[in-house]
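# Geometric and topological summary
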Amino acid sequence: KKIGAVEITKTDETVNNEADPDKSNLAEASLLAKIIRKGLVENKNDIEIQRQDPKSPLYSIKTFEALDLNANLLKGVYEMGFNAPSKIQETTLPALLADPPQNLIAQSQSGTGKTAAFVLAMLSRVDVTKKYPQVLCLSPTYELAIQTGEAAAHMAKFCPEIEMKFAVSGEQVPRDTKLTEHIIIGTPGKVLDWGIKFRFFDLKKLSVFVLDEADVMISIQGHQDQCVRIHKNLDQNNCQMMFFSATYDQEVMGFAEHIVKNPIIIRLKREEESLDNIRQYYVRCKNQSDKYHAITNIYGTVGIGQAIIFCQTRKTAAWLSAKMSEDGHAVAVLSGDLTVDQRISVLDRFREGKEKVLITTNVLSRGIDVEQVTIVVNFDLPVLNGKPDCETYLHRIGRTGRFGKSGIAINLIDSEETMNICRAIENHFGKKIQLLDAEDSDEIE
Ligand code: ADP
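Quick look at the structure, then. Since we're looking at a predicted model, the values are computed, not measured. (Residues numbered from 1 in each chain as written. Predicted model: local features only at pLDDT ≥ 70, side-chain atom pairs only at ≥ 80, totals over all residues. Heavy atoms only, no water.)

### As for the overall build of the chain
Note the following rule: In this text, helices come from DSSP runs of H or I with a minimum length of four residues, and strands from runs of E with a minimum of two, each type numbered from the N-terminal end. Contact between two residues is taken to exist if any of their heavy atoms lie within 4.5 Å; hydrogens are not considered. Exposure was quantified through the Shrake-Rupley algorithm and a 1.4 Å probe, taking into account, for residues, occlusion by the shown protein chains and nothing else.
Helix and strand content of the chain: 14 helices and 17 strands. Within the chain, residue pairs in contact and separated by at least 24 positions form 79% of the contacts whose partners lie at least 6 positions apart. As displayed, the chain has an accessible area near 19,900 Å², and 47% of this comes from carbon and sulfur atoms.

### Comments concerning the nonpolar core
Applicable threshold: Among the buried residues, those of types Ala, Val, Leu, Ile, Met, Phe, Trp, Tyr and Cys that are joined through side-chain atoms within 4.5 Å form a nonpolar core. For every residue, the accessible area obtained with a 1.4 Å probe (protein chains only) is divided by the maximum for its type, and the residue is called buried under 20%, exposed over 50%, and partly exposed between those limits.
Judged by nonpolar contacts, the single largest core of 45 residues is most densely connected at Met122, Leu123 and Ile183. It is helix H4 (residues 114-125) that provides the largest number of residues to this core, a total of 8 residues. Look past the residues within four positions of leucine 123 in its chain and what remains in contact with it is Leu73, Ala152, Met155, Ala156, Ile162, Met164 and Ile183.

### Regarding the site of the ligand
The following threshold applies: We call a residue near a given molecule or strand whenever any one of its heavy atoms falls within 4 Å of it. Pairs of N or O atoms within 3.5 Å make up the polar contacts considered here, provided that, within protein, one atom can donate a hydrogen while the other can accept it, and that residues adjacent in sequence are counted only when both atoms are side-chain atoms. Amino acids outside the nonpolar list (Ala, Val, Leu, Ile, Met, Phe, Trp, Tyr, Cys, Pro) and the charged list (Asp, Glu, Lys, Arg) are all regarded as polar, and Gly is one of them.
Within the structure, the ligand sits among 18 residues, and Ala84, Gln89, Gly111, Lys114 and Thr115 are positioned closest to it. Note that an oxygen atom of the ligand is positioned 2.9 Å from one of the side-chain N or O atoms of lysine 114. At 2.5 Å, a side-chain N or O of threonine 115 approaches an oxygen atom of the ligand. Across the complex, the protein chains shield 81% of the 560 Å² of accessible surface that the ligand would expose by itself. For the shell around the ligand, the leading source of residues is H4, giving 3 residues. Residue classes in the shell around the ligand are distributed as 6 nonpolar, 9 polar and 3 charged.

### Details of the pattern of salt bridges
Pairing is possible between side chains that carry opposite charge, provided their charged atoms lie close to one another. Note the following rule: One side-chain nitrogen of Lys or Arg within 4 Å of one carboxyl oxygen of Asp or Glu is enough to make a salt bridge.
Counting across every chain of the model gives 13 salt bridges. Aspartate 414 is the partner of lysine 291 in a salt bridge, and the nearest nitrogen-oxygen pair spans 3.6 Å. Pair noted here: lysine 291 is in helix H10 (residues 288-301) and aspartate 414 is in the loop between strand E16 (407-413) and helix H14 (416-429), with a separation of 123 residues, a long-range link. Take lysine 291: its relative accessible area is 3%, and that puts it in the buried class. Among the charged side chains, a salt-bridge network with shared partners connects Lys291, Asp380 and Asp414.

### A look at unusual backbone geometry
In the segment running from aspartate 99 into proline 100, the intervening peptide bond is cis, with an omega of -5 degrees. The backbone of arginine 199 sits at a positive phi, close to 50 degrees, despite the residue not being glycine. Locating arginine 199 in the fold gives a position in the loop between helix H6 (188-197) and strand E6 (208-211).

### Section: the sheet that holds strand E12 (residues 357-360)
The test is simple: At least two bridges found by DSSP between two strands are what make those strands a pair. Note on definitions: angles span 0 to 180 degrees between N-to-C directions of axes, and those axes are lines fitted to C-alpha atoms, for helices only across the stretch in contact.
Read across the sheet, 7 strands follow the order E11-E12-E10-E13-E16-E9-E17 without closing on themselves; strand pairing throughout is parallel. Single-partner strands in this sheet number two, and they are strand E11 (331-334) and strand E17 (433-435). Neighbouring strand axes in the sheet, compared pairwise and without regard to direction, differ in orientation by 25 degrees on average. In this structure, strand E9 (residues 278-284) lies alongside E16, joined through 7 bridges in parallel fashion. Following the sheet pairing, arginine 279 is matched in E16 by isoleucine 408. Contacting E9, strand E10 (306-310), strand E13 (373-378), E16 and E17, helix H13 (residues 390-397) runs over the sheet at an angle of about 150 degrees to E13.

### Quick word on the environment of proline 160
Among the structural elements, proline 160 can be located in the loop between helix H5 (142-155) and strand E4 (164-167). Here the alpha-carbon distance between proline 160 and serine 124, two residues 36 residues apart in the chain, equals 13 Å.

By themselves these figures say nothing about function.
Shown next as structure tokens:
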């Protein structure tokens, strides 16, 4: 069965964060970032390469042609609209495709092209004449596995002979089956069941093992142990290990070094967000309905671009969206009470521009790299335990150097207390937050 045709049924393995639903967990944040971005994050930082083996074939390529890819794979790459390799692809792909195979640990922030890099390597390593699983990719959650599978199916569009299978919850295989698909993409629990308990495939015969989203993986209870158990059953000498993560702290490093022997380690430092290109304002309001009034004034001036409005609670977000909808505005709401599918659909619509305003809580404070968003409004300033939450402020409003365009941030102030928070944030960043007269919208145009 082709991977693109897999039905999305149950999501038992989805991690819920019931205790603090608005504080989205890592897996969810990673998924949402993928959905909303759908484009490459350019990173201007230098790449750091550590070679364990100085003889390893490590050079970088500037074109996809230089990789000696199978012609149909190359066609798939171009079909996806990729003209040239991204920075992380440029340096990892030669190692990933090297002969003899080379183990690799790679770290770069999400959106920089890691998935495309290892998917290309996975597809390149398949021997279609062998009718058994040769490549295994572990993802932390059902949804992330599906994302990777979709990227793989897309890239393999002109390689119909390559077959893939999802090992995720909801997928069922009759007892005593021997899988014939070349590639398995799955979550650790299901892969353990299929590979070890039911022996639907032979882990010893794998020639490529990919561990994706390692930092997310270890944030989920039990997943790290399961990965280690799977890893133990691989042919350590003949299976190429590829390890990917968006971050690389001590814990991830320990995990990586346990899984990947003699690796090349490639790291790309995250681009820092800054407030440099952002004009920041505050608007004095008397109360919540006055804030609403300010919002509608601002809304009237958001020309071509789009706006995101942050509220501190879901209740405020719901209230604001109801009120704006009543007044005939097309607004979207994204908050912690939506299912993952609903969130994806909200974000997809917003990215396509179907709604000009997105109202949200902190669910979305990271990864709002939607280029057309010109205005960010803090309906409520970010606070944590009553104190100004400068980090969240930066994530909501800040941008990395990749956007030449400048942005506008507007903070709505309805009490002395919030004014003090606003001043504290201003001092913290050393960047002026100017008074804006909401009645005089010319100022922000
Ligand atoms: P990561 O795994 O690091 O989060 P992805 O591989 O998912 O990043 O890539 C992020 C986005 O950029 C995806 O939408 C992908 O299709 C796109 N992309 C990846 N590589 C390229 C490339 N070389 N050129 C253009 N777009 C790319």
